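The chain contents come next:
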Amino acid sequence: MSESFPRLSARTRRFTLGVPRGFTISPDGGRVVFLRTKSGTDPVTCLWELDTETHVERLVVDPRTLSGDEEHLPPEERARRERSREGAGGVVAYATDTDATRACFALSGGLYVVELPTGRARRLETPGAVIDPRLSPDGRHVAYVTGGALHVQDLASGEDRALATPESATVTYGLAEFIAAEEMDRMRGYWWAPSSDALLAERADEAPVHIWHVADPANPDRPATAQRYPAAGTPNAITELYVLGLDGSRVAVPYEEEYLATAAWDEHALSIVTLTRDQRTMRLLTVDPATGASTLVREDADPAWIDIVTGVPAHLDDGALVWVAGSEGGHRLFVGDRAVTPPTLQVRAVLDVDHDSVLFSASGDPTEIQLWTWDGHSLLPVSTRSGVFSGRMSGGVGVLTEQSLDTEGVSTTVVKRDGMAVPIPSYAERPGLDLRVSIGRSGRRELATAVVLPSWHQQGSGRLPVLMDPYGGPHAQRVLNRRGAFLESQWFAEQGFAVVVADGRGTPGRGTAFERAVLNDLATPALEDQIDALHGVAEQYADDLDLTKVAIRGWSFGGFLAALAVLRRPDVFHAAVAGAPVTDWRLYDTCYTERYLGHPDEQPEVYENSSLFADASKLERPLLLIHGLADDNVVAAHTLRLSSALLAAGRQHSVLPLSGVTHMTPQEVVAENLLLLQVDFLKKSLGVTS
């Protein structure tokens, strides 16, 4: 008997194992370094290299030969993986020198350097478990963090010294603090100078951040874990920047804003990007590394918020600034002071700058993410088929990844200067589902919507119970033209549901006005748009949807939306599964929450409107709350407090606590059975017998 989809999805980390990722192209375009596991069920990530001339692929590092123990990761590395949603093990991250002749990585807290031409790897002696190692551009030194201290080791002599050591237990050097990693997509806390003789390093002091205690009730003999969590309206960590020279010098780089969004150091400038706490003003500054003095390059402001875009700032060979900013209702690519993309093309990220060319991803249609280049004179499309694309570019050679509804998995291709395409194979498992997904627009606002029907259903042959399957929150999408986005939805459809996935206001790809419609209200627009999409789809599939049996499920923001739906609109929604839901936005973090709702002391009514507690007495539909008790992102207090409010109101509901489970639910058995339990709950709640 073949393995069930829930079990296979869990074993394959949702079919991500075996997929090539983490690409580095050598400056001459001759080699591509990347990560991949050996099979679609192998959780151990290896380091590989492809010769673009001979098309020969070579295994460089297999962690199994290095005796790495994934069960003994330092806690900082576990936290980093949780922030980056990393589900695999082995060499999950690496860094190279400029020429891509050496690479370094951490494995089970140990520091390794590998010579890429020969594949010879060696472990370096360090005073403690290693986090985030990075080679200097010239490949002669490796920097890393251990015990909150930023170290540099000379690879020739083995001399190891701390450039900065924490002054107290709440201080770290060289690590991204919680907010940067969780909400700003900044996973690093230090940057090498292009000359390899200094580093820009973040000093983070969490002393002002309030302490929360996360307990494990299933193991009462263990003490609760104390963690610093910056909830909305409370203090953040204090971040500072220093230029640390290998000669022992230390230069402060002062800035006024609350958040350090990112930094970059190339041959043209040392740049930092800062953001005010209300996130309405972003400043790009260049820094003199000798004095720490900064000069304002540009300032962007928005009455709602400013978006952080990955890949910028960057510079062309002639020093022209590459930037992305909101302009005329769109997210636009700027080169110098000139916008080079139209406002109708929503720029998602800058992926690479190769001499005078910029590779970036952008959306004309919100369900597509295409690749484009700016070559100094004109915009050129790189991807020409419908789908979701990403890529890298260096030395005139590109790496393109492609996903679509028409093909399974992720396709990766190296495109050489002469246009020849060299595939990098994926070893991912096939889901074994016959996808039946239709993407279109629905409702008054023409929302991007996917309708997923059972493969066995004959359209018009009978009405199916409906399952809304949204995320629904800002800055994230579910409706994208790729099969991987709908695997779980299709499996739910195979159980007898017509599944509807809709992206409402706040989601990206449709311009700034659409995204900012959720300002000061995370509840009303999100819920209205799910109902709007449902009714729009019901008009298109009048003989296939049974609106007397409508359920909704979701995780994280989707969990909030699912609970919100049955509490506020029981006339539309008849059952809900809410996984790891945010129930009171005062309990969620500063950066995300205040971006949309402002400061809770200044706008308490806004928080009340987006909270679920006041609606507890309205519950009249079946509600299943699921929460990992080890979740350090949306802590279990969200679900427990809502459950208490429901109990106080005399409202029946179900709670499924997951002992030892974080926000990611990476455990195989947990991930598998969660799907099975949800189907069982939904069918019973809706009275579905077949």
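Calculation rules
- Residues numbered from 1 in each chain as written.
- Predicted model: local features only at pLDDT ≥ 70, side-chain atom pairs only at ≥ 80, totals over all residues.
- Heavy atoms only, no water.
- Helix = DSSP H or I, 4+ residues; strand = E, 2+ residues; numbered from the N terminus.
- Rg over C-alpha atoms; globule rule 2.2 N^0.38 Å.
- Buried < 20%, exposed > 50% of the residue type's maximum accessible area, 1.4 Å probe, protein only.
- Contact = heavy atoms within 4.5 Å.
- Areas by Shrake-Rupley, 256 points an atom, 1.4 Å probe, with all protein chains shown as cover.
- Lys, Arg positive; Asp, Glu negative; His and termini not counted.
- Charge placed at Lys NZ, Arg CZ, Asp CG, Glu CD.
- Pairing = 2+ DSSP bridges.
- Axes fitted to C-alpha atoms, helices over the stretch in contact; angles between N-to-C directions.
- Expected span 1.5 Å × (residues − 1).
- Polar contact = N/O pair within 3.5 Å; in protein donor to acceptor, adjacent residues only side chain to side chain.
- Patch = residues over 30% accessible without salt bridge, like charges linked within 9 Å, V, L, I, M, F, W, Y side chains within 5 Å.
- Salt bridge = Lys/Arg side-chain N within 4 Å of Asp/Glu carboxyl O.
- Parallel < 35°, antiparallel > 145°, perpendicular 65-115°, else oblique.
- Left-handed = near helix turned anticlockwise from the far one by under 90°.
- Nonpolar A, V, L, I, M, F, W, Y, C, P; charged D, E, K, R; others polar.
- Core = buried A, V, L, I, M, F, W, Y, C linked by side-chain atoms within 4.5 Å.

So, on to the overall build of the chain. Counting secondary structure elements, the chain contains 11 helices and 44 strands. In terms of overall size, the chain behaves like a compact globule, its C-alpha atoms giving a radius of gyration of 25 Å where 690 residues would be expected to give roughly 26 Å. Taken along the three principal axes of its C-alpha coordinates, the chain extends 70 × 55 × 55 Å. The buried share of the chain, reckoned over its 690 residues, is 59%. Long-range contacts, defined here as pairs at least 24 residues apart, represent 58% of the contacts in the chain between residues at least 6 apart. With an accessible surface of roughly 26600 Å², the chain has 49% of that area assigned to carbon and sulfur atoms. Measuring between centres, the 63 positive side-chain charges of the chain sit 5 Å from its 93 negative side-chain charges.

Its place among the elements puts Val537 in helix H6 (residues 524-540). Look at Val537 and you get buried, because its relative accessible area is 1%. Distance from Val537 to Val451, taken between C-alpha atoms, is 7.7 Å for residues 86 residues apart in sequence. Leaving out residues up to four positions away in the same chain, Val537 has contacts with Ser442, Thr449, Val451, Val500 and Leu545.

Attention shifts here to the sheet that holds strand E31 (residues 370-374). Taken in spatial order, the four strands of this open sheet run E29-E30-E31-E32, and their pairing is antiparallel. Among the strands making up the open sheet, the edge pair consists of strand E29 (346-354) and strand E32 (379-381). On average, adjacent strands in this sheet sit at an angle of 30° to one another, irrespective of strand direction. As judged from the three bridges shared by E31 and E32, these two strands associate in the antiparallel manner. When the bridges of E32 are listed, Thr373 appears paired with Leu380.

Time to look at the pairing of strand E23 (residues 281-287). Most of E23 is tucked away: five of the seven residues are buried. The loop that links strand E22 (residues 270-275) with its antiparallel partner E23 comprises five residues; one of these, Gln279, has a positive phi angle of about 60°. What sits between E23 and strand E24 (residues 294-301) in their antiparallel hairpin is a turn of six residues, with Gly292 showing a positive phi close to 85°.

This part is about the side chain of Ser26. The residue Ser26 is located in the loop between strand E1 (21-25) and strand E2 (31-37) in this model. On the accessibility criterion, Ser26 (1% relative accessible area) is buried. Leave out the neighbours within four places in its chain, and Ser26 touches Arg31, Asp99, Ala100 and Ser394.

Each α-helix turn comprises 3.6 residues. Residues three or four places apart therefore point the same way. Helix length check: helix H7 (residues 557-568), at 12 residues, gives a terminal C-alpha distance of 16 Å against a target of 16 Å (1.5 Å per residue), a fit within 8%. With 11 of 12 residues buried, H7 is to be regarded as a mostly interior element. Here H7 has its buried residues at Phe557, Gly558, Gly559, Phe560, Leu561, Ala562, Ala563, Leu564, Ala565, Val566 and Leu567. Its buried side turned inward, H7 meets H6, strand E41 (545-555), strand E42 (575-579), helix H8 (590-597), strand E43 (623-628) and helix H10 (637-648).

This part covers the environment of Ser157. Summarising the element assignment, Ser157 is placed in the loop between strand E12 (149-154) and strand E13 (160-164). On the basis of relative accessible area, Ser157 is assigned to the exposed category, the value being 53%. Placed 249 residues apart in sequence, Ser157 and Asp406 show a C-alpha to C-alpha distance of 54 Å. Engagement of the side chain of Ser157 in a polar contact is seen with the backbone nitrogen of Glu159, the distance being 3.2 Å.

A separate point is helix H11 (residues 668-686). For H11, which comprises 19 residues, the first-to-last C-alpha distance of 28 Å matches the rise-based estimate of 27 Å (1.5 Å per residue) to within 8%. Along H11, the positions that sit buried rather than exposed are Ala671, Glu672, Leu674, Leu675, Gln678, Val679, Phe681, Leu682, Lys683 and Leu686. In the stretch just after H11, Gly687 is the one whose phi turns positive, near 75°.

Moving on to a negative patch on the surface. Together, Asp28, Glu53, Asp99 and Asp418 give the surface a local cluster of negative charge. Relative to the elements of secondary structure, Asp418 occurs in the loop between strand E35 (411-415) and strand E36 (421-424).

The next thing to look at is the pairing of E1. As defined by bridge partners, E1 adjoins E2 across three bridges and the pair is classed as antiparallel. Across the sheet, residue Ile25 finds its bridge partner in E2, namely Val32.

Packing of helix H4 (residues 487-494) against H11 brings their axes to within 11 Å, and their N-to-C directions diverge by 45°. Taken together, H4 and H11 sit at an angle that is classed as oblique. Taken as a pair, H4 and H11 cross one another with a handedness that is right-handed. Packed against H4, whose contacting residues are Glu488, Trp491 and Phe492, the element H11 presents Leu675, Leu676, Gln678, Val679 and Leu682 at the interface. Along the lines of polarity and charge, the residues of the contact of H4 with H11 split into six nonpolar, one polar and one charged.

This brings us to the side chain of His331. Position of His331 among the secondary structure elements: in strand E27 (residues 330-335). Relative accessible area serves as the criterion here: at 9%, His331 is assigned to the buried category. Of the polar contacts made by the side chain of His331, one reaches the side chain of Glu515; its length is 3.1 Å. With near-sequence residues (within four places) excluded, His331 lies in contact with Asp307, Ala325, Gly326, Leu345, Gln346, Val347, Thr512, Glu515 and Arg516.

Strands sit in the order E6-E7-E8-E9 across an open sheet of four strands; the sheet is antiparallel. In this open sheet, the two edge strands, each paired with only one partner strand, are strand E6 (95-96) and strand E9 (120-124). Pairing of strand E7 (residues 102-107) with strand E8 (residues 110-115) involves six bridges; the strand directions are antiparallel. The partner of Arg102 across the bridge, within E8, is Glu115.

Another point: the nonpolar core. Core analysis: the biggest nonpolar cluster contains 85 residues, and Trp323, Leu333, Phe573, Trp585 and Leu623 have the highest contact counts within it. With nine residues, H7 is the largest single contributor of residues to this core. When neighbours within four sequence positions are excluded, Leu623 is seen to be in contact with Ala563, Val566, Ala576, Ala578, Leu646, His653, Ser654 and Phe681. Membership of the second largest hydrophobic core comes to 35 residues, among which are Leu433, Val437, Leu624 and Phe681.

Our next topic: the pattern of salt bridges. One pass over the structure, following the stated rule, counts 41 salt bridges. The network of salt bridges with common partners includes Arg14, Asp469, Arg478, Glu488 and Arg553.

Now for unusual backbone geometry. With omega at 5°, the peptide bond leading from Val312 into Pro313 counts as cis. Tracing the backbone through its elements, the reader meets Pro313 in the loop between E24 and strand E25 (314-315). Positive phi outside glycine occurs at Glu446, with the angle close to 50°. Along the chain, the position of Glu446 falls in the loop between strand E37 (437-442) and strand E38 (447-452). Non-glycine residue His475 carries a positive phi angle of around 65°. With a relative accessible area of 36%, His475 lands in the partly exposed category.

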